[in-house]
Amino acid sequence: MFDRIKDKILNMVLSREFVLILALIGCGCLLIHRIFILQIVNGESYLENFQLKIKKERSISATRGNIYDRNGKLLAFNELAYSVTIEDVYESGKTKNRDLNDTIYKTIKIIEKSGDNVVSDFQIYLDRGNHFQFNVSDSKLLRFLADIYGKADTADLEYRERTASAEDVMEYLCSSSKYGIGTYIENDDGLEFEPMKGYTKNDILKIVTIRYAMASNSYQKYIATTIATDVNEKTVAVISENVPYLDGVNITEDTIRKYVNSVYFSQIIGYTGKIPSEELAEYKTLDSSYALNDQVGLAGIEAAMENELRGKKGSETIFVDNTGKVIESTDYVESVAGNDIYLTLDSRIQVAAYNILEQKIAGILVSKIQNIKEYKPGENSGSADIKIAIYDVYNALIENSVIDISHFSEVGAGKTEQDVYTKYLLQKEYILDRLYEELMVSKTTYDKLPLEYQVYMLHIVSMLNDNNVIQSDKIDVNDATYIAWKRDENISLETYLKHCIAMRWIDVTKLNLEDEYADSEEVYAKLVEYILENIKDNNVFEKKVYKYMIKGDIISGREICQILCEQHIVDVPSEEEERLFNGKITAYTFMTDRIYNLDITPAQLALEPCSGSMVITDVNNGDVLACVSYPSYDNNRLANSIDSEYYMKLMNDASKPMYNHATQEKTAPGSTFKMVSATAALQEGIVSTSSKILCMGPFEKITPPPKCWVYPGAHGNLNVIGAIQNSCNNYFYEVGYKLGSNGDYYNSDLGLEKIKKYADIYGLTELSGVEIVESEPQVSSEDAVRSAIGQGNHNYTTIGLSRYVTTVANSGVCYDLTLIDKMTDHNGNLLEDNAAEIRNIIEMESSYWDAIHLGMRRVAESKQYFNIGVDVAGKTGTAQQSSSHPNHALFVSYAPYEAPEISVTVRIVNGYSSDYAAQAAKDFYTYYYELDEEENIITGMAMPSTTAVSTMD
């Protein structure tokens, strides 16, 4: 059409000078200007200027506010960066997909060749076996699938869509009806399309990631989609040079979120990222200006204070040419920067507490590791006697992906890696052959299989369930064969799978059957083929094979240690490495030295213990000075555009680095609860400060009779001070019994009601008040007698226990704890000076407080390691999880005893004994009050553990 206009203009002679013709064409929100300038020179006419102008309304992102610690130390800020973006400027038609995919592919290759990475935030990833897998939690998978298949509600998903595998989703997205990713062949009939051809699976995933993001933006015209963020100067230069050949691609100036000392603060601060598509509607209810590409707080303070940090967007009207270049702008409205948040945390204290906790956990590990193949408990062994076999340490390095087993087969693999990989291939071939024989010939019942093959069989069933080959929603859990497999374990896997086929629990469409009317034997043969094909390169299966190769001494501990060196996982002096390779040092010594020196951390091993938490408060105002969760993660790798490979590694990490162990993890409080029971006993008149209760060992007023931890010994007569000091179970059993007594009648529910009443006044029935996500507390609802000593089914977070001991320390002021100190605008003007609110005040006689405090002081006095130069008051708690796992170690405390300033609450999950938690607190008090040189406290090495007293306190 425009060519016809042009020709008409050129045939017109309206002036001997210049003629300007402006054609305006309105297309919705798009205004196109074509400007023609006709010049007449010596009787000849020609077009001097031809220009396309596209009008756009562009929002201007506001600069996000900074986050500081209480002393003004910067923790989160914005940094200027360049991004590579693409807009959908492609005309609809048969070649659109081909042209758009080609541009994206070329752009990706330029970015990667320049040393940068493209965004990888799609919820599918490529595993080490080159298979597509979901990178989304089970709870969000159906929502993701609904978005993929264009369904408004998950209930609208068809069965095939609801049970689609990641491979199915990728095949669908690459189809001609969606993104058309593949090879296009021109022939007489036009373009012939072969999906998923011509690209590697890795390339396909990257293209799909960009196309999916572009599709998510399609409801908004001319919104750019980010291909890569924070790119280097080389990428900027090469992309800019090639912009004329990459339609819609541009370099944009932006800011990215950065975090200081990220590992120490990530559990508190959180991170930012793009709005999840399924949550956009909810965000828009808060502010209609939110758009899908906006960066928002996704966790921690970033999420909790989103409204304060985000600022207010600006806007402008711009005109761009046909290449996307801005040629004019009008109606500029400046954005308003977000507010700055100051936390109550002291970064110096936070870092120190984290390091102290890691050192202590490493010290426990070193003390429990023995040079044995397998720990076998003795007849009278308990949780405190559990040892860690060095073989479990070797296996943990592979199981928790510290050692990269995929590197064994790559170019550049070390000699030991290559040798181990050769052994692995031979062993895997042997195992697959034996599995085929078991499934097709031997058909051994599960209970008669060796443990190793039981593990493989369970993995096969798990894999079939995960891939929806076995349709779990169709299984009759009361079916006799199902029960024989699941509970009785007295049939073979072959029998179970054939029964699944007969009952039509198997989705045969996933088995590539040649004949849809195949009989059951043909279906079973195809199922076995599917099993062997899908497990052979499965990463979980690979790790199980390596585990039993280590147990069987096919792979030695020395080889594992040598691989640590070859993959540069540990950095050891060359002489020590040489001694290892020459056999002059044992693998056991080398490995325990690595743990002692924190070259290998408890988090990497993910053995028990591997996690813990420490919370420090100012007891006089409710400020949280430190809130440590170990282990943690690098939130810089999740901010802005998520590193999906790193995210998947975190999600699969057995030490749970993304789980806030301080605010989300709950365990029984053990004997740290006894100050609540002491308060109840004193306030209810069950005891006075001077009255005594006799401990004889067993408590025989209920059946079966619980025993004091000191049994077969006994504490004798104790008052409330001595009961807290000695953590006497019998004293508090009697308290629990009397709380539930009505005359001569004992009612456990009545006792539980009173226990809950006094737990409440210490804030243990509600969230602690901190601004980030935390788990709801659980006051015990069973067995008042045992609940009085912190057993029953009590469950509390470390932050909840911290509020409780803060209330004890200040004699009754229960705060809603806070992490926010103040808020200023971006110019530093104070907007809000925050303070923790008082939840309630406990009215209790001063003599009662004195008794509780003195009992706690004597707990610390009884431990020689607390002779440090400041008087500490505290209470230990050892909570049993099960006889097959070490107990949880807890310690609540405050100091100085005479005039309390701070509280320290420590929990080491599966930390064996409360003494270990108390020792970590002691190290922190020593640091905080500068009672020793810092280098003697934070050594960067495992902290040797003072011998712990094995008690059930």
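Quantities reported herein were computed from a predicted structural model and do not represent experimental measurements. (Residues numbered from 1 in each chain as written. Predicted model: local features only at pLDDT ≥ 70, side-chain atom pairs only at ≥ 80, totals over all residues. Heavy atoms only, no water.)

This paragraph deals with the overall build of the protein chain. Check the secondary structure of the protein chain and you find 33 helices and 31 strands. Its C-alpha atoms put the protein chain at 120 × 80 × 65 Å along the principal axes. Once local pairs closer than 6 in sequence are excluded, the contacts in the protein chain between residues at least 24 apart make up 68%. Of the roughly 42,800 Å² of accessible surface on the protein chain, 46% is carried by carbon and sulfur atoms. Averaging the positions of the 89 positive and the 139 negative side-chain charges in the protein chain gives two centres separated by 1 Å. (Helix = DSSP H or I, 4+ residues; strand = E, 2+ residues; numbered from the N terminus. Contact = heavy atoms within 4.5 Å. Areas by Shrake-Rupley, 256 points an atom, 1.4 Å probe, with all protein chains shown as cover. Lys, Arg positive; Asp, Glu negative; His and termini not counted. Charge placed at Lys NZ, Arg CZ, Asp CG, Glu CD.)

Let's shift gears to the side chain of Lys96. You can see Lys96 is positioned in helix α2 (residues 96–113). Here Asp88 takes part through its side chain, which lies 2.9 Å from a polar atom of the side chain of Lys96. Leaving out residues up to four positions away in the same chain, Lys96 has contacts with Asp88, Tyr90 and Glu91. (Polar contact = N/O pair within 3.5 Å; in protein donor to acceptor, adjacent residues only side chain to side chain.)

It is worth spelling out the nonpolar core at this point. One broad rule of soluble globular proteins: the nonpolar side chains tend to lie buried together. Leu435, Leu464, Tyr496 and Met614 are the most contacted members of the largest nonpolar core, which totals 116 residues. At nine residues, the largest contribution of residues to this core is made by helix α12 (residues 347–368). For Leu435, the residues in contact, after removing those within four places along its chain, are Tyr453, Tyr456, Met457, Ile460, Leu532, Ile535 and Phe541. (Core = buried A, V, L, I, M, F, W, Y, C linked by side-chain atoms within 4.5 Å. Buried < 20%, exposed > 50% of the residue type's maximum accessible area, 1.4 Å probe, protein only.)

This part covers unusual backbone geometry. In this chain, Glu608 is followed by Pro609 through a cis amide linkage whose omega measures 5°. Of note, Pro609 is situated in the loop between α23 (602–605) and β19 (611–618). A cis geometry characterises the amide bond from Tyr630 onward to Pro631, with omega recorded as 0°. Mapped onto the fold, Pro631 is located in the loop between β20 (624–630) and α24 (644–652). The residue Asp230 is not glycine, and still its phi comes out positive at about 50°. With respect to the element layout, Asp230 can be found in the loop between β10 (225–228) and α7 (233–242). Even without a glycine there, the phi angle at His568 is positive, about 55°. Among the secondary structure elements, His568 is positioned in the loop between α20 (557–566) and α21 (574–581). The exposure class of His568 is exposed, given its relative accessible area of 68%.

What follows covers helix α16 (residues 480–488). Since the α-helix advances by 3.6 residues per turn, residues separated by three or four positions end up pointing in the same direction. The complete set of buried residues in α16 reads Thr481, Tyr482, Ala484 and Trp485. Down the axis of α16, the sector holding all buried residues measures 160°, keeping them to one side. Opposite its buried face, α16 presents the exposed residues Ala480, Lys486 and Arg487, each directed more than 90 degrees away. For α16, the secondary structure elements touched by its buried residues are α15 (451–466) and α17 (493–502). Near the N-terminus of α16, the side chain that reaches the backbone nitrogen of Thr481, with its oxygen 2.9 Å away, is that of Asp479. Positive backbone phi, approximately 60°, marks Glu489, located one or two places after α16. (Arc of directions from axis to C-beta.)

Attention now moves to a negative patch on the surface. Together, Glu514, Asp515, Asp519 and Glu522 make up a negatively charged patch on the protein surface. Of note, Glu514 is situated in the loop between α17 and α18 (520–535). For Glu514, a relative accessible area of 80% puts it in the exposed group. (Patch = residues over 30% accessible without salt bridge, like charges linked within 9 Å, V, L, I, M, F, W, Y side chains within 5 Å. Salt bridge = Lys/Arg side-chain N within 4 Å of Asp/Glu carboxyl O.)

Considering every residue of the protein chain, the mean pLDDT works out to 90; 92% of them sit at 70 or more. Counting interchain partners and residues more than four positions distant, the pLDDT-below-50 stretch residues 12–48 has 79 contacts. (pLDDT = per-residue confidence, 0-100.)

Another point: helix α22 (residues 587–596). Listed in full, the buried residues belonging to α22 are Ala587, Phe590, Met591, Thr592, Arg594 and Ile595. Elements in contact with the buried residues of α22: α12, β17 (369–370), α13 (390–399), α20, α21 and α23. Directly beyond the C-terminal end of α22, a positive phi value near 60° is found at Leu598.

Below, the discussion takes up the pairing of strand β30 (residues 888–895). Burial within β30 is extensive, with eight of its eight residues counted as buried. Across the two faces of β30 the burial is the same, with His888, Leu890, Val892 and Tyr894 and Ala889, Phe891, Ser893 and Ala895 all buried. Alignment of strand β29 (residues 873–879) against β30, held across seven bridges, turns out to be antiparallel. Bridge assignment links Thr878 to a residue of β30, and that residue is Ala889. (Pairing = 2+ DSSP bridges.)

The next subject is the pairing of strand β14 (residues 314–320). The side chains of a regular strand alternate, residue by residue, between the two faces of the sheet. Of all seven residues making up β14, six are buried, and the element is well covered by its neighbours. As paired elements, β14 and strand β15 (residues 326–333) share five bridges and run antiparallel to each other. Directly across from Ser315, in β15, lies its bridge partner Val333.

The subject of this paragraph is the packing of α12 against helix α32 (residues 914–928). Taken N-terminus to C-terminus, the directions of α12 and α32 make an angle of 145°; their axes are 10 Å apart at the nearest point. Of the two elements, α12 crosses α32, and the hand of that crossing is right-handed. Residues Arg348, Ile349, Ala352, Ala353, Ile356, Lys360, Ile364, Ser367 and Lys368 of α12 touch α32, and the partners they reach there are Tyr916, Gln919, Ala920, Asp923, Phe924, Tyr927 and Tyr928. Broken down by class, the residue content of the contact of α12 with α32 amounts to ten nonpolar, two polar and four charged. (Axes fitted to C-alpha atoms, helices over the stretch in contact; angles between N-to-C directions. Left-handed = near helix turned anticlockwise from the far one by under 90°. Nonpolar A, V, L, I, M, F, W, Y, C, P; charged D, E, K, R; others polar.)

With antiparallel pairing, five strands are arranged side by side in an open sheet as β20-β19-β31-β30-β29. Two strands close off the open sheet at either side, each with one partner strand: β20 and β29. Each adjacent strand pair in this sheet contributes to an overall mean axis angle of 5°, direction not counted. Taken together, the six bridges between β19 and β20 define a ladder with antiparallel strand orientation. Bridging across to β20, Val615 finds its partner in Cys627. Running over the sheet, α12 touches β19, β20 and β31 (902–909) and is turned about 35° from β20.

Inspection of every chain in the model, using the stated rule, returns 33 aromatic pairs. By way of ring pairs, the aromatic residues Phe122, Phe134, Phe144 and Tyr212 are connected into one cluster. We note Lys368 situated over the ring of Tyr912; from NZ or CZ to the ring centre the distance is 4.4 Å. Its guanidinium or amino end placed over the ring of Tyr659, Lys656 lies 5.5 Å from that ring's centre, counting from NZ or CZ. (Phe/Tyr/Trp six-rings, centres within 6.5 Å; stacked < 30°, edge-to-face > 60°. Lys NZ or Arg CZ within 6 Å of the ring centre and 35° of its normal.)

This next bit is on the pattern of salt bridges. Taken as a whole and assessed by the stated rule, the structure comprises 46 salt bridges. Linking Arg839 and Glu766 is a salt bridge whose minimum nitrogen-to-oxygen distance equals 3.0 Å. With Arg839 in strand β28 (residues 837–841) and Glu766 in the loop between α28 (748–761) and α29 (784–787), the pair connects residues that are 73 residues apart, well separated along the chain. Note that Asp816 and Arg803 form a salt bridge whose closest N and O atoms lie 2.7 Å from each other. With a gap of 13 residues between them, Asp816 in strand β25 (residues 813–816) and Arg803 in helix α30 (residues 798–809) connect regions that are remote in the sequence. Residue classification places Asp816 among the partly exposed positions, given a relative accessible area of 24%. Relative accessible area serves as the criterion here: at 0%, Arg803 is assigned to the buried category. Overlapping salt bridges, with partners in common, bring together Arg64, Arg257, Asp287, Glu302, Glu306 and Arg310 in one network.

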